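Close look at the chain arrangement
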Amino acid sequence: MIPLSHFMLISAGLFCIGLFAVLTRRNAIQVLIGIEFMINAAVLNFVAFGKYDKISGGGQMFALFAIVLAAAGVAVALAIILNVYKYFKSIDPSKTNTLKD
Amino acid sequence: MEGINFTENRSLVALLAAILPLFSFVFILSSKKGGGASVALSTITLSFLLSMYLFLQIWNLEPEHKQISWFIIGNVQFYAGVLLNNLSVLMMVLVTGISVLVHIYSREYMKNDPNIHRYWAYLGLFCFSMLGLVISDSLLLIYLFWELVGFSSYLLIGFWFSKHTASQAAKKAFIMNRIGDLGFLTGIMIIYTKFQTLDLHSLFGEGGLISTSTFESNFWISGSQQMPAIWLSIAGFAFFLGAMAKSAQFPLHTWLPDAMEGPTSVSSLIHAATMVAAGVFLIARIYPVFDPLVLDVMVWIGAFTAFMAATIALTQNDIKRILAYSTISQLGFMVMALGIGAYSESIFHLTTHAFFKCLLFLAAGSVIHQLHHYCVRNSHDFDYQDIRLMGGLRKRMPIAFWGMCIASAALVGLPLTSGFLSKDSILISAFEWAAAREGIFIVLPWLMVLTSWLTAFYIFRLIFKVFFSESREIKTDKMMQISDSPGQMTYVLLILSFFCTFIVFSVNPATFEASWLWKGFQVTSIKEISIFHWLAPLILNLGAFALILITYSIYVPGREPKLMQDTWLYRISNREWFFNEIYNFVLIRSIEKLSLLTYGFDRIIIDGIVNRMAALTQTISVISDWFDRKIIDGLVNSTGSLSRYIGRFFRNFQSGRLQHYLTTMLLVVLSFFILSYLI
Amino acid sequence: MGEEQIIFYFFAASVLISALCVVVMKNLVRSIFLFFVSLFSLAALYLFALADFIALAQVVIYAGGVLVLMLFAFMLSNRELLNSLKPAGSGFKVNHFAGILISLLFLFILVTVIVKTDLNQLDWMQESVPIHVNDNSTHQIGIHTMTAYLLPFEILSVFLMMVLIGAAHLARKGGRA
């Protein structure tokens, strides 16, 4: 039997790796991958807690929804990245600074 | 006759007589230009008639003194009122009478002047102030009118103010008179401090405060008051100084010749007959205040003035200037007479002098008037006041000539004239006074005799030059154009000529004791008849006749001794004893030196201090500037730059980069975690 | 330690290491394939949580959807995009330290919280019924989807359609972006 805390530690590690990718990568696609890692870390937690909730099955259901949403997000994000490239001729997020006033 | 209503109140009549010319002044000034002659003449004539009425009412009868409360300062009440005695009414008649004549004369003389209405107005103001001066009963009021007289004199001397010399002369007269006024004011203050009143009657009248005050071991005591005796002398000197300026006595005489820049009629009225007599009048009015010391000074100043002015008149060439110096000389006679105690003689001479000097001036004015017209008509320009250029007018202007001859005879003191009576009375008094005092004083009467001889010389020099021989400028063929002045002017000359004869003043042409006027002022009627009563006139007239003959022999053939002009005596006389130069040198230069000194003081000390202060202030301001710049501005700027740095720092977070935003957000979350964990 | 634990920790290590490699790796194509490794390993970990349907969905959606989408996105787009995806610059930049620091701090906080929490003593866990290994979870999910979670399910389906349209619109070639 795997203890719940081990799932959570793994999930924390995965989250932090994703966070690192989001913070430091110079490539929008890798940033996107970082986001996916973070979503997956959350899904892992859902699933781990869902193990103790058989009646309502909330953990597994929301894990499923989260996966679907993540997939949708990836689709939109890739489309956005393509447009960003068209506009800036770069997908380096540090070069897209038009949010600056 | 409304005069009857005034019988009980003669003061009101006097007041009315004085106010009438003021009314004329105000009326003419407020009415339109160019007129005023009839108003001025009618008011002054009315004033003259009222004065005559008063004269008949008061002369040798009861004096009139009416006063009302004027104002109160502290516990002291000041009165304003009218004091009419023999002296007042005589002066009133004199002033108004001569004024009437001069007014008539002026109508013709000033006819073509564009500012004629101003002239009439000023004459009105002068008559008002002179009459006010004469009838006032308080020293303060006299002082007030004294100033007004000076002011109207200033206006009239500077009547042709567009002429530079005229305005200068007016200023000179005004300033000279100011010196005298200062003396007068000092005297008033001393008297007021002493007696707490300025009322003439209570001060100088019979049994007044002055005569009852006594001296005790160098203290001047009156009632409970006492002050050092010297103050009486100082007060006397102060009043005398005022009189000196007004009557053009020796150190302050230089304004009078310059005052001849005014119209000749004004010179005649103001600077010969009336205003200059105001000084003598003042001395006479407050006579008891003068102690023996002041009287002695008065004697010598009067005598010296008379002599000096006579010597100057010898060589002057301006007809009016000669007459002006002659006036100064005669005023010196009067002052000297007052000094020796010949009070009534002095007033007598004042009266007679007023008439004959007025006549002299008006006759001279007539000559000037005609010559001026001649110049205008022939566009022939020469100085028509210069006697060297005149001549041969005897036939052309007989009335002016005879009028001038009579007036000159009176001036010299020839028999059958009024001047014989008055001038000889003064000389006799001088001889008697000298005889009473031993020593050096014997010089005085002889000095006066010499002066009288000089008078004979200079006045006949004038007559011979103007009316005899030939004119240098006017051609004989054009001489026919000149004639006596028009009617009104000539009548005035005739009337005045009549007043220069003995008849008016005395039935006996030989002795002045018979004169009603002299008697009017003589307190002690009985006088010892001394040898001088016939000796003095004899000496005087013999010398005078001799000099007239010499003058005739010199000037009628036109043999003017050229040699004389090179001597220093001539130069002193011609340059009027260098008084203007001396004043220029002594006063102006010393004042200039003083101002240089004060300028230096101002420059070095005051400016030095100021500059030091400025430098100090500059240093302080530099320091404060530094402080302001470095400390205050530093604080402000550092606040500003601090906020700028902070802003720039926070601006970094707003980089527009998503990752930065995220970093920042996570940092905040982390900080929150760390804080909540630690606390 | 039984074989269950060995397999679990193997997959756990696989997830973390491959994820780390994905993040650190400069070559994008390689990192994308490593991303699959970690996603598959993660699906294996879901099995240990007794969520077999979720693991299956993970494999299908990520392997069949996301990965293919990513690869096609590169390949269908122009060459410049692919060129620019080449690693630019070298090594760690200064701001990498900030990222590392923040990530490590987060890790520290999460680990601290997890360690401090006594997970087995949670109230709701005491009362709940755990999933048994023999339970048919797919059946359960199907029932739940059509009963309790019908509304989220329908919303999600609409949402997915919107995403489909939106992504297609955004990715349109030559469109007004």
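Since this is a predicted model, take the numbers as computed values, not measurements.

1. Points about the overall build of chain C
- From N to C terminus, chain C includes eight helices and zero strands.
- In chain C, buried positions account for 21% of the 177 residues.
- Taking contacts inside chain C between residues at least 6 apart in sequence as the whole, the part at least 24 apart equals 46%.

2. A word on the overall build of chain B
- A tally of helices and strands in chain B yields 24 helices and five strands.
- Taking all 679 residues of chain B together, the buried fraction comes to 46%.
- Contacts spanning at least 24 positions in sequence make up 78% of the contacts within chain B whose residues lie at least 6 apart.

3. Observations concerning the interface of chain C and chain A
- Taken together, the contacts link 67 residues of chain C with 58 residues of chain A.
- Listed by contribution, the elements that provide at least two residues to the side of chain C that touches chain A are helix 1 (3-24), helix 2 (28-48), helix 3 (52-76), helix 4 (79-84), helix 5 (94-116), helix 7 (137-146) and helix 8 (150-170) of chain C.
- A per-class count over the side of chain C that touches chain A returns 51 nonpolar, 15 polar and one charged.

4. A word on the nonpolar core
- Among the nonpolar cores identified, the biggest contains 201 residues, and Val280(B) and Leu359(B) are the most heavily contacted of them.
- Sorting elements by how many residues they give to this core places helix 15 (residues 343-378) of chain B first, with 16 residues.
- Leave out the neighbours within four places in its chain, and Val280(B) touches Ala243(B), Ser247(B), Leu331(B), Met334(B), Val335(B), Leu338(B), Ser346(B) and Leu350(B).
- Ile17(A), Met38(A), Val74(A) and Ala79(A) belong to the second-largest nonpolar core, a separate cluster that totals 76 residues.

5. Side note on the pairing of strand 1 (residues 64-73) of chain B
All names here are of chain B.
- For strand 1, a buried count of one out of 10 residues is recorded, marking the element as mostly open to its surroundings.
- With nine bridges connecting them, strand 1 and strand 2 (residues 76-84) associate as antiparallel partners. Bridging across to strand 2, Lys66 finds its partner in Val82.

6. So, the environment of Phe8(C)
- Checked against the element boundaries, Phe8(C) lands in helix 1.
- Considering only alpha carbons, one finds Phe8(C) and Phe48(C), 40 residues apart in sequence, at a separation of 7.2 Å.
- Excluding its chain neighbours within four sequence positions, the residues that come into contact with Phe8(C) are Ile2(A) and Phe48(C).

7. Notes on the confidence of the model for chain C
Residues and elements named next belong to chain C.
- Mean pLDDT for chain C: 81, with 85% of residues reaching 70 or above.
- Averaged pLDDT values for the elements of chain C fall to 56 in helix 4 and rise to 90 in helix 1.
- Overall fold confidence (pTM) sits at 0.63, and the ipTM for the predicted complex is 0.86.

8. Re unusual backbone geometry
- Even without glycine at this site, Ala248(B) takes up a positive phi of about 55°.
- Relative to the helices and strands, Ala248(B) is located in the loop between helix 9 (230-246) and helix 10 (255-258).
- Classification of Ala248(B) as buried rests on a count of 30 C-beta atoms within 10 Å.
- Residues other than glycine seldom take positive phi values, yet Leu50(C) does so here, at roughly 65°.
- Its place among the elements puts Leu50(C) in the loop between helix 2 and helix 3.
- Taking the C-beta count within 10 Å as the criterion, Leu50(C) has 22 such neighbours and is therefore assigned buried.

9. Description of the packing of helix 3 (residues 86-109) of chain B against helix 4 (residues 116-135) of chain B
Residue and element names in this part refer to chain B.
- In the contact formed by helix 3 and helix 4, the axes pass within 9 Å of each other and the chain directions differ by 170°. By the criterion of interaxial angle, the relationship of helix 3 to helix 4 is roughly antiparallel. Residue-level contacts link Ser88, Met91, Met92, Val95, Ser99 and His103 of helix 3 to Leu123, Cys127, Met130, Leu131, Val134 and Ile135 of helix 4.
- For the contact of helix 3 with helix 4, a count of residues per class yields nine nonpolar, three polar and no charged.

10. Quick notes on the environment of Pro93(A)
- You can see Pro93(A) is positioned in the segment after helix 3 (58-88).
- Excluding residues that lie within four positions of it along the chain, Pro93(A) makes contacts with Ala28(A), Val31(A), Arg657(B), Leu658(B) and Gln659(B).

11. Some points on helix 5 (residues 139-157) of chain B
- With 19 residues, helix 5 of chain B extends 26 Å from end C-alpha to end C-alpha; this agrees with the ideal 27 Å at 1.5 Å per step.
- For helix 5 of chain B, the tally of buried residues reaches 14 of 19 residues, placing the bulk of the element in the interior.

12. Observations regarding the packing of helix 1 (residues 10-30) of chain B against helix 4 of chain B
All names here are of chain B.
- Running from N to C, helix 1 and helix 4 cross one another at 160°; their axes reach a closest spacing of 8 Å. When the interaxial angle is binned, helix 1 and helix 4 end up roughly antiparallel. Here the hand of the crossing between helix 1 and helix 4 comes out left-handed. Residues Ala14, Ala17, Ala18, Pro21, Leu22, Ser24, Phe25, Ile28 and Leu29 of helix 1 lie in contact with helix 4, whose contacting residues are His117, Trp120, Ala121, Gly124, Leu125, Cys127, Phe128, Leu131, Gly132 and Ile135.
- Looking at the contact of helix 1 with helix 4 residue by residue, the classes come out as 15 nonpolar, four polar and no charged.

13. Examining the environment of Asn115(B)
- On the secondary structure map, Asn115(B) appears in the loop between helix 3 and helix 4.
- Sequence separation of Asn115(B) and Trp160(B) is 45 residues, and the distance between their C-alpha atoms is 9.1 Å.

What counts as what
- Residues numbered from 1 in each chain as written.
- Chains lettered and ligands numbered in written order.
- Predicted model: local features only at pLDDT ≥ 70, side-chain atom pairs only at ≥ 80, totals over all residues.
- Helix = DSSP H or I, 4+ residues; strand = E, 2+ residues; numbered from the N terminus.
- Buried ≥ 20, exposed ≤ 12 C-beta atoms within 10 Å, placed from the backbone.
- Contact = placed C-beta atoms within 7 Å.
- Nonpolar A, V, L, I, M, F, W, Y, C, P; charged D, E, K, R; others polar.
- Core = buried A, V, L, I, M, F, W, Y, C linked by C-beta atoms within 7 Å.
- Pairing = 2+ DSSP bridges.
- pLDDT = per-residue confidence, 0-100.
- Axes fitted to C-alpha atoms, helices over the stretch in contact; angles between N-to-C directions.
- Parallel < 35°, antiparallel > 145°, perpendicular 65-115°, else oblique.
- Expected span 1.5 Å × (residues − 1).
- Left-handed = near helix turned anticlockwise from the far one by under 90°.

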